[in-house]
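Structural overview
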Amino acid sequence: MRKISAVESMLSLPSPLNISIWWSGGSILGMLLGVQLLTGLFLSMHYASDIMLSFDSVIHIMRDVPAGWALRLIHANGASFFFIFLYLHIGRGLYYQSYILQPKTWMVGVTIYLLSMATAFLGYVLPWGQMSFWGATVITNLLSAVPYFGGSLVEWVWGGFSVGQATLNRFFSLHFILPFIMTVFILIHLIFLHDKGSTNPLGHNYHLNKINFHPYFTWKDMVGFVLVLLTLITICCFAPYVLSDPENFIYANPMLTPTHIQPEWYFLFAYAILRSIPSKLGGVIALAMSIFILYFLGIGSMKINIPSSFNLLYQVWFWVLVVNFMLLTWLGACPIENPYLLLAGPLTYLYFFSYPILLSSSWLSFMVLK
């Protein structure tokens, strides 16, 4: 008998007949990661990880390197596109309760999310602009909240007594290597996914009414690739800095603090949660838990499962969580003053309260229907 190759096995993968366009998010993320790896590789050939040269090396890439402007803009905006589709992918998994049917796939996916956040943060520091420098200073300073070892931990991360040359060197090295580690986790993610097969809008993964992945879904994914790449190229050509901070056009100055320090937009919800807690240690714990709470969905899900399509309580709380996430993102970009701080507190409590409600909604609906 002829051996079936890995590619043939993947193309003939039985896939649910009724999955919608929301299931294309994973393949689009894979495509965007490939774009980031390719553009990042070429950018690294011209980038200088030196605090005296890094800012000028970015200008050199934009002005002197053939097609350097395109590589840099695609890489910078591609990161935002990656997080847009990452949040859509997580949202789809939450709405259709993928964490119940595929807990291993879900938990590996959360790990990929954490690695993506770390990679994006490290990359944001590399241009060595004002917001890059002060963003790195503020975020790394959060480690000082760790009892007993905080101060030493911050100095160890910095490689000195402040953000400087050693910090930039190690951030560049980690930013280069983490995407490849992330690729390994993505392969594990796919192995776990293909072990049980994709879920569908009805909330199950029974091997009924399934068709081959190719050609039905490969062509659907190809259409998604073309649309996303066209949108990315349009943004890069007509509004290349719409998702960037103007402060990053200024060379990093340790003696001049920006009026309003903030991370990139995809971290703003967590930044708003951090600022809403008066205690520094409490804020750091809340910041970490805003991401790590996703792990508990895979661990603590109930055995009773009513698909979200038939669970009104789950649908309501899911959209409450989505609106809450958007409001926290907006508040993270607002100045640290009232009424923004007053609004962030209740929304933080609602954010953390939403997850236990989502976990127990199937049980509550079952009791009501009973």
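About the cut-offs
- Residues numbered from 1 in each chain as written.
- Predicted model: local features only at pLDDT ≥ 70, side-chain atom pairs only at ≥ 80, totals over all residues.
- Heavy atoms only, no water.
- UniProt positions renumbered as here; feature names shortened; annotations may be inferred.
- Patch = residues over 30% accessible without salt bridge, like charges linked within 9 Å, V, L, I, M, F, W, Y side chains within 5 Å.
- Areas by Shrake-Rupley, 256 points an atom, 1.4 Å probe, with all protein chains shown as cover.
- Salt bridge = Lys/Arg side-chain N within 4 Å of Asp/Glu carboxyl O.
- Helix = DSSP H or I, 4+ residues; strand = E, 2+ residues; numbered from the N terminus.
- Phe/Tyr/Trp six-rings, centres within 6.5 Å; stacked < 30°, edge-to-face > 60°.
- Buried < 20%, exposed > 50% of the residue type's maximum accessible area, 1.4 Å probe, protein only.
- pLDDT = per-residue confidence, 0-100.
- Expected span 1.5 Å × (residues − 1).
- Contact = heavy atoms within 4.5 Å.
- Core = buried A, V, L, I, M, F, W, Y, C linked by side-chain atoms within 4.5 Å.
- Domains from an automatic or database assignment.

An unreviewed UniProt entry annotates the protein chain as Cytochrome b of Vertigo pusilla. The record held by UniProt for the protein chain lists under Subcellular location (unreviewed entry) the comment "Mitochondrion inner membrane". Quoted verbatim from the Function (unreviewed entry) field of the UniProt record, the comment on the protein chain reads "Component of the ubiquinol-cytochrome c reductase complex (complex III or cytochrome b-c1 complex) that is part of the mitochondrial respiratory chain. The b-c1 complex mediates electron transfer from ubiquinol to cytochrome c. Contributes to the generation of a proton gradient across the mitochondrial membrane that is then used for ATP synthesis."

There is a patch of nonpolar side chains on the surface, built from Leu38, Leu41, Phe42, Met45, Leu174, Phe176, Ile177, Phe180 and Ile181 and spanning about 810 Å² of accessible area. Within the element layout of this structure, Leu38 appears in helix α2 (residues 25–44).

With that settled, the discussion passes to the packing of aromatic side chains. What the rule picks out here adds up to 30 aromatic pairs. Plain terms: the ring middles of Phe83 and Tyr87 are 6.1 Å apart, the flat faces sit at 50° to each other, and that makes the pair tilted. Of this pair, Phe83 and Tyr87 both sit in helix α4 (residues 68–95), four residues apart, roughly one helical turn. The pair Phe83 / Tyr87 is uniform in exposure class, with both members buried. Ring plane angle 85° and centroid distance 5.9 Å describe the contact between Trp330 and Tyr340, whose orientation is recorded as edge-to-face. Of this pair, Trp330 sits in helix α13 (residues 312–332) while Tyr340 sits in helix α14 (residues 340–369), and the two are 10 residues apart along the sequence. Tyr340 sits in the partly exposed class, given a relative accessible area of 23%. Ring pairing ties together the aromatic residues Phe82, Phe83, Tyr87, Tyr113, Trp265, Tyr266, Phe267, Phe269, Phe325, Tyr351, Phe352 and Tyr355, which thus form one cluster.

Glycine aside, negative phi is the norm for most residues, and most peptide bonds take the trans geometry. Going from Asn338 to Pro339, the amide bond is cis rather than trans, its omega being 10°. Within the secondary structure, Pro339 sits in the loop between α13 and α14. Of note in the backbone geometry, Ala67 takes a positive phi value of approximately 60° without being a glycine. With respect to the element layout, Ala67 can be found in the loop between α3 (54–63) and α4. The exposure class of Ala67 is partly exposed, given its relative accessible area of 44%.

This brings us to helix α11 (residues 268–276). In terms of burial, α11 is largely enclosed, as nine of its nine residues are buried. Along α11, the residues classified as buried are Leu268, Phe269, Ala270, Tyr271, Ala272, Ile273, Leu274, Arg275 and Ser276.

A few words now on the confidence of the model for the protein chain. It should be kept in mind that the predicted coordinates are not to be read in detail where pLDDT is low. Looking at the protein chain, the pLDDT average stands at 87 and 90% of residues meet or exceed 70. By mean pLDDT, helix α1 (residues 6–11) is the weakest element of the protein chain at 59, and α3 is the strongest at 95.

Attention shifts here to helix α7 (residues 130–141). Compared with an ideal rise of 1.5 Å per residue, which puts 12 residues at 16 Å, α7 spans 16 Å between its outermost C-alpha atoms and is within 8% of the ideal. The buried fraction of α7 is high, at nine of 12 residues. All of the buried residues along α7 are Gln130, Met131, Ser132, Phe133, Trp134, Gly135, Ala136, Thr137 and Thr140. Tucked inside the fold, the buried residues of α7 contact α6 (103–125), α8 (150–158) and α9 (165–196).

Core analysis: the largest hydrophobic core is formed by 83 residues, its most contacted members being Phe83, Tyr113 and Phe269. Counting only domains with at least three residues in this core, you end up with domain 1 (18–201 + 209–261) and domain 2 (268–369). The residues touching Phe269, leaving out its near neighbours within four places in the chain, are Tyr87, Tyr113, Ser290, Ile291, Phe325, Leu328, Thr329 and Tyr351.

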